Structures are given as structure tokens and as C-alpha cells.
Amino acid sequence: MDTDKPIIEVKDIWKTFQSGGTTFSALRGIDLSIKANEMLAIMGASGSGKSTFMNMLGCLDRPTKGQYIFNGVDTTPKSNTDLALIRRDFFGFVFQSYNLLPRTTAFENVELPLLYFGFKYGRSQRQDMVMAALKQVGLEDKVHNLTNELSGGQQQRVAIARAIINNPKIIFADEPTGNLDTRTSFDIMAIIQGLNEKGTTVVLVTHENDIADFAKRKVVFRDGQILSDNINEHPKSAAEERKKLPELIEPTAAT
Amino acid sequence: MNIINLFITAFRALRKNGLRTFLTMLGIIIGVAAVIIMQAIGKGSEEDITARINSLGSNMIIIAPNPKIVNGVRMGQGGQTLQYKDVLMIKRYSSATKYISPLVGVSRQIKYGANNWSTRISGVLPEYFSIREISAVEGSLFTDEDLRKINKVCMIGKTVRTNLFPDGSNPVGKTIRVGAIPFKIIGVLNEKGQSGVGTDQDDVILAPYTSVQDRMVQSIYVNVIFASAADAQSIKKAVSEIKYCIRTSHHLSPSDQDDFTVNTLSDIMATIQGVSKILTILLASVAGISLLVGGIGIMNIMFVSVTERTREIGTRLAIGATSSDVMLQLLIEALVISLVAGVIGIFSGLLITDLITYFAGWRTSVTASSIIISFAVCTVIGIFFGWYPARKAANLSPIEALRYE
Ligand SMILES: Nc1ncnc2c1ncn2[C@@H]1O[C@H](COP(=O)(O)OP(=O)(O)OP(=O)(O)O)[C@@H](O)[C@H]1O
Ligand SMILES: [Mg+2]
């Protein structure tokens, strides 16, 4: 693939909400392009429009005005079904609150996207793919646990395994570490960085600088507009940072 | 999602809310069981009635008098139009009629010793035995000779026997008084039980036609004429021949109406079946209402389920489900509910039907068609009542569904 050609290109995107008789523009004329294999962090204050923007990039929502070109194709006139197929074939989502299906196992959650490919993947092929994905996030020993039997960090790893099962071009992660402690956050970010190193484009929403430092590019939003857009020359390695954190020491009566 | 996974997913979703799903199914279960049970009872009683009517004698034809109508005016009363000469006419000219016998009857007080019983004595020809499939369990039947000699002999049915001979002694050879006239009992008739219309067919005394006609009735008219066709196929032909013979014998002009009616067992059966059909329709509408209520229950629970799982639906949409995937998933869930309920309903219906037969002794008969219809109705209910909630889920926008609290 021509890496210089943008995989995502948005032109003058507006998103206006109508509620209770008033209109409110959450996005006000955004222009942005993202190249393949970038790792981009979207930052900004609460309510600045980060999630709204990312949902649009993920084809979960449509702009009120403007153009969104994904992979060279204008998505604006596409039907809902076409957008669903774009999500299925090219995107993976990681949410702050994991969004795993309740009372199902890790395996079933990760397998779910494959089921929407009709008869493309047979039972044993699905089995292999799910096991590989769970191994990649280090959860091969929790395959048949129900999701409510897993810790927050483990649940988020299941969600990541689910997001990568279709071998997506882009992973969208909206505050993936928002519900996790620092240690676990760095573990999760190490996995995401690993995916980016293997060629997956990552769009990450966060308001923590520590987390954004792992990205290669930082875009800051304010009131629905881009305030700044900078390349991070020296992105930190989450795996390295994780090692630097002091190990938790059990408090004892002696000390 | 392919169809196999859709069904697996639906089963899993429903199992998670096992109790709730079962309660939702109850309406359909009851409705389907009711359909099966009602149909089985209806069909069973119809068969029962048919069997009883057949006990009257197969291929039987009954000719009854109608009031004579001349120029639109009713002549005579009680419909005394049939005579012995009509019988002779039919005997001579109707080839499709195998047996024929007139019947004259009078009610009399019957006495034997100190025992009294009031019943009818009927005068018939020996051919009557063939028409009604009558035989003697004790003694013998009377013969043409008895008829010719106008013998005062008779045969009695079981009810008459138990009332006149309560001690169980053998009635054959004993002489009873029919009114004032002594008759000698020469035989006891085989048991016939209740007729299709509920009369006791064993409360009878049969005697030679001539004996009753000459000694008691003293009228040229007969009450009714019984005939039988050679076989089931010739019944129609026999009926039309009989009509022609009697009209000729009665000198009716083509413009005159029949002064008699000819009934066959199939006519009588059709009447009774008509009644039981009305009953079936009535019961079916009760079952229908129960199924309707069950269907609304499914719709209700599907709405609850869609609302509860809004976020799940959002997640599914995010990972690539199309709205038709979502629609199909919920439609199949509704279908699975109604079909599983249908299967449970069918089995409970069969079980209850068996219990009814076992404990109440009613004749029941389950037909394949009622099971097939139950399945078809459940499919329709599932799709019909699942449609709207499924549509609602399919129309959710991914982002609204994901943000749903
Ligand atoms: N469906 C909606 N209807 C009305 N207003 C909305 C809707 N969705 C978002 N908004 C508004 O748009 C603005 C941007 O919301 P958004 O969720 O994108 O913020 P955010 O930058 O992700 O904030 P946070 O860091 O708190 O998640 C907010 O003011 C919010 O109230
Ligand atoms: Mg947000």
C-alpha cells in the first residue's frame, strides 16, 4: 500500500445536534487526514467533541455536513448497510466500558464479529482465529471464562482481541484505559502499540497525557475544532514504561 | 450471520432468560394444546356417533310419511300416507333395493305375571332383521310362516326382558300379554345399545307385521318403511327408484310434492356432523383467542428484550452487523419462542388427550392435520408478532444504541 496516501480524509466536517429546541454544533469544520500505520491520539477537554469525531470516523455516525473519505472512497452517500460492511471488514472498536456481551464467554465475544461474515469462516477456522487473537492479548488461559469472571484489564483485552479478529485496517479506541489503573493501562497500551507496529492504524481518544505520549501524533480538540496537530517525534514505548513502574509491594506490619 | 448461527444465538439468548421465556410461551402452549385437545375430542365424538349410527344398520334407507298436500292444502294429519302396497311396489320394481319391510307400531302395556312394562310393539317382515342386522341371542327369529299364519309370536329386546323377567329366567316359550292379546315369546334380540339420537334400541318388541296389523292397528297405513340397498354404491339409485315407485303407487302428478321423505344414514350423519362442526368452530375460536393473546405476549417480551439489549445491539452493529442481521436475529428469537411453545403445546395436548380418554373414557382421535396446522399457526404468530419489535431494533442507529443507558 502507498503509505503516503491518506487512509482517512475528512473535509470540513460538521456535526450539529438538535435537542430541546436548541441546536448545538459538537464539530465545527474539521479537516484532517490520517495516513496508514499512523498512531494518532485525539485529546481535549471533556465535551470538546472527541468521541463525536471518532464515532464519525468509525462510520457509527454520519456528519451533518462535510465529506469523509475512507480508503479513497467517499462514505457520505453510502447506505447504512454499506457502512456496516465497512465496519465489519476494515474497523475494530475498543470502548472505554469494554462493551462485551453479558453472560457470554471470552471466546464467544471474540468470535462474534466472524459470525457476521456468513459462511466465510468455518467452525474450526473460527476456533483457530479466536485462540490466536486471545493469545495475542495474553488471555489464552481465560478462553472459556464468562466475562463477569474477568478483571477490568482482562475484559479490555478480550475487547481488543474482538477488535482485531477481523484483521482490521484501523482500530478506534475511545478512552480504552479510562476505567483502568496505571499499571493495567500501560499493559493495554503496550498491546495497542504492538498492533500498530505490525501495521494497524490506530486512532485513540484520551485525555491523559501519559497515554497520548505513546502515540506518534497528537491532535488536540477544543469546542469542536482542532486546536493543534503535532507529530510526536519520540513516542514512548508502553512496554518500557510498564517495566519502570515500581511493583506493588504488599504492606506488612513490620514496615 | 448464517442461519445456523442465527438459531444458535436465538436459543442462547432465550435460555439466558429461561423463566421469562417460558412464561411468555404459556399463552401459545395453552392455545396449541387446546387446539389439539378440542380437535381430538371433536373428531372422536364424531367417530363415536358415526359408529352408533352404523349400528342402526348399514346401507339403510328410511321412508317416512309426509302430510299429503293437494293444491297447496295439507290433507290428513300425522302423515298417514304409506301403505303396504307401496312396499309391494318397491319390492317388485326397485332392483337396487335388496330388503324392504314396513313397520307398524303401537304402544301397549305389557304384562307377564306380576310384572308390567310399557313399550311399543312393532310389526315387521323378516327382511327387517337383515336391514337392521338383528339376530336372536336366545330362541329364534320369526319366519315367513309366522307371518302367513298371523301367529301371535314375538321377540323381545334386552330392556323388555330385564323388566318383565327381573329374576333372569328364560323368557323363550313364555306368553306375555300385549294389551289384552297374548303373544308367545320365541326369541331374545341381540343388544343394540343407544342409537345416534339417544333412543334405547333394546326397548322393543318385534312381531310379524300381519299379527300387529290385523290384531291391533287395523289400519291400512304403516308408520314407516325400512329398506336397504345392496351396497353403499347403490344407495343413491335405490333412493330414486323408491321415490319413483311410491309416487307411482300414490298416483302423484309431476306437479305434486312427495307425500313422503326418504332418508339415508348418510343424510342423518351429515346433519350430526354439521352440529359437531359448529361446535368445533366455537372451540377453535377459543383456541384462536388464546393464541392471539400468546402472540401479543411474544411481541411484548420482544419489545422488553430489544430495550434491555439496546447496548448489545449497538455493539453488534459496531462490529459489523447490518440492520438485516439484527432484524433476522430478533425475528428468529420470536420464531423460536413460538415454535418451541408450539412443540410443548402439541405434546401437552397429546398427553392431556390420552388422560381424557383414560380417565373420562371419551373417544378421542388426534389427526395429523391438527398438528401441522398448529405448527403453521405458530410460525405465523412468531413472524407476525416478532416483526414490529425486530423492525424497531433494526432501525436503531449504532451510536444511539451504544450510548443508550
Ligand atoms: N446525541 C447528542 N445530542 C446532543 N448533544 C450531544 C450528543 N452527543 C454529543 N453531544 C454533545 O456534543 C459535545 C461533544 O460530545 P463528545 O461526547 O464528543 O465529547 P468528548 O470530547 O468525547 O468528551 P469526554 O471527554 O467527556 O468524553 C458535548 O457537549 C455533548 O453534550
Ligand atoms: Mg468521549
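As the structure is a prediction and not an experimental result, all values here were calculated from the model. (Residues numbered from 1 in each chain as written. Chains lettered and ligands numbered in written order. Predicted model: local features only at pLDDT ≥ 70, side-chain atom pairs only at ≥ 80, totals over all residues. Heavy atoms only, no water.)

**Some remarks on the overall build of chain A**
Helices and strands together make up the secondary structure of chain A, namely eight helices and 10 strands. Here the C-alpha atoms of chain A give a radius of gyration of 19 Å, agreeing with the 18 Å that 2.2 N^0.38 yields for 255 residues. Residue burial in chain A is summarised as follows: out of 255 residues, 50% are buried. For chain A, the accessible surface area stands at approximately 12,100 Å², while carbon and sulfur atoms represent 48% of it. (Helix = DSSP H or I, 4+ residues; strand = E, 2+ residues; numbered from the N terminus. Rg over C-alpha atoms; globule rule 2.2 N^0.38 Å. Buried < 20%, exposed > 50% of the residue type's maximum accessible area, 1.4 Å probe, protein only. Areas by Shrake-Rupley, 256 points an atom, 1.4 Å probe, with all protein chains shown as cover.)

**Brief notes about the overall build of chain B**
Summing up its helical and strand segments, chain B has 13 helices and 12 strands in all. Rg of the C-alpha trace for chain B: 34 Å, well past the compact-globule value of 22 Å for 405 residues, more than 25% over. Principal axes of the C-alpha set define a box for chain B whose edges measure 105 × 60 × 35 Å. Within chain B, contacts between residues at least 6 apart in sequence are counted, and of these 77% link residues at least 24 apart. Across chain B, the 38 positively charged side chains and the 29 negatively charged ones have centroids separated by 1 Å. (Contact = heavy atoms within 4.5 Å. Lys, Arg positive; Asp, Glu negative; His and termini not counted. Charge placed at Lys NZ, Arg CZ, Asp CG, Glu CD.)

**A short note on helix 3 (residues 106-115) of chain A**
Among the 10 residues of helix 3 of chain A, nine are classified as buried, and the element is accordingly described as predominantly covered. Those residues of helix 3 of chain A lying buried are Ala106, Phe107, Asn109, Val110, Glu111, Leu112, Pro113, Leu114 and Leu115 of chain A. Looking at the buried positions of helix 3 of chain A, the neighbouring elements they touch are helix 4 (123-136) and helix 5 (152-164) of chain A together with helix 1 (3-16) and helix 10 (310-318) of chain B.

**Some details on the sheet that holds strand 5 (residues 73-74) of chain A**
Residue and element names in this part refer to chain A. A sheet is described by the order of its strands in space; here four strands give the open sequence 2-1-4-5, paired in antiparallel fashion. Each edge of the open sheet is held by one strand with a lone partner, namely strand 2 (22-35) and strand 5. Where strand 1 (residues 6-19) and strand 4 (residues 65-70) come together, five bridges link them in antiparallel fashion. Pairing of Lys11 across the sheet is with Gln67, part of strand 4. (Pairing = 2+ DSSP bridges.)

**Examining the packing of aromatic side chains**
Under the criterion given, the structure shown has 16 aromatic pairs over all chains. Aromatic pair Phe70 of chain A and Phe90 of chain A: ring centres 5.5 Å apart, planes at 55 degrees, arrangement tilted. Within this pair, whereas Phe70 of chain A is found in strand 4, its partner Phe90 of chain A is found in helix 2 (residues 80-90), the two being separated by 20 residues in sequence. The class for Phe90 of chain A is partly exposed, based on a relative accessible area of 26%. Ring centres of Phe384 of chain B and Phe385 of chain B lie 5.0 Å apart, and the angle between their planes is 80 degrees; on these two criteria the pair is classed as edge-to-face. Clustering of aromatic rings is evident, with ring pairs tying together Phe70, Phe90, Phe91, Phe93, Phe95 and Phe172 of chain A. (Phe/Tyr/Trp six-rings, centres within 6.5 Å; stacked < 30°, edge-to-face > 60°.)

**Some points on the interface of chain A and chain B**
Opposite the 25 residues of chain A that make contact, chain B presents 23 residues. For the pair chain A and chain B, the summed buried area comes to about 2,300 Å², and 59% of that belongs to carbon and sulfur atoms. Of all residues in chain A, the largest losses of buried area upon contact with chain B belong to Leu60, Arg103 and Tyr116 of chain A, amounting jointly to 26% of the total for that side. Across the chain A-chain B interface, the total number found is one salt bridge. With a shortest N-O distance of 3.5 Å, Glu108 of chain A and Arg12 of chain B are connected by a salt bridge. Counting across the chain A and chain B interface gives eight residue pairs in polar contact (both at pLDDT 80 or more). It is helix 2 of chain A that contributes the most residues to the side of chain A that touches chain B, five residues altogether. Residues that form the side of chain A that touches chain B fall into these classes: 12 nonpolar, six polar and seven charged. (Buried area = accessible area lost by both parts, 1.4 Å probe. Salt bridge = Lys/Arg side-chain N within 4 Å of Asp/Glu carboxyl O. Polar contact = N/O pair within 3.5 Å; in protein donor to acceptor, adjacent residues only side chain to side chain. Nonpolar A, V, L, I, M, F, W, Y, C, P; charged D, E, K, R; others polar.)

**So, the packing of helix 10 of chain B against helix 11 (residues 323-360) of chain B**
All names here are of chain B. It is at 10 Å that the axes of helix 10 and helix 11 come closest, and there the two elements cross at 135 degrees. Considering their axes alone, helix 10 and helix 11 lie oblique with respect to each other. Regarding helix 10 and helix 11, the two cross each other, and that crossing is right-handed. Within the contact between the two elements, helix 10 uses Glu312, Ile313, Arg316 and Leu317 and helix 11 uses Ser323, Val326, Gln329 and Leu330. Class assignment of the residues belonging to the contact of helix 10 with helix 11 gives a composition of four nonpolar, two polar and two charged. (Axes fitted to C-alpha atoms, helices over the stretch in contact; angles between N-to-C directions. Parallel < 35°, antiparallel > 145°, perpendicular 65-115°, else oblique. Left-handed = near helix turned anticlockwise from the far one by under 90°.)

**Examining the domain arrangement of chain B**
Partitioning chain B into domains gives domain 1 (3-52 + 270-403) and domain 2 (67-258). For domain 1 of chain B versus domain 2 of chain B, the separation of C-alpha centres amounts to 56 Å. (Domains from an automatic or database assignment.)

**Section: the side chain of Asn190 of chain B**
Residue and element names in this part refer to chain B. Along the chain, Asn190 falls in the loop between strand 9 (181-189) and strand 10 (205-208). Reaching out from Asn190, the side chain makes a polar contact with the backbone oxygen of Glu133 at a distance of 3.4 Å. Not counting residues up to four positions away in its chain, the partners in contact with Asn190 are Glu133, Ile134, Ser135, Val137 and Asp202.

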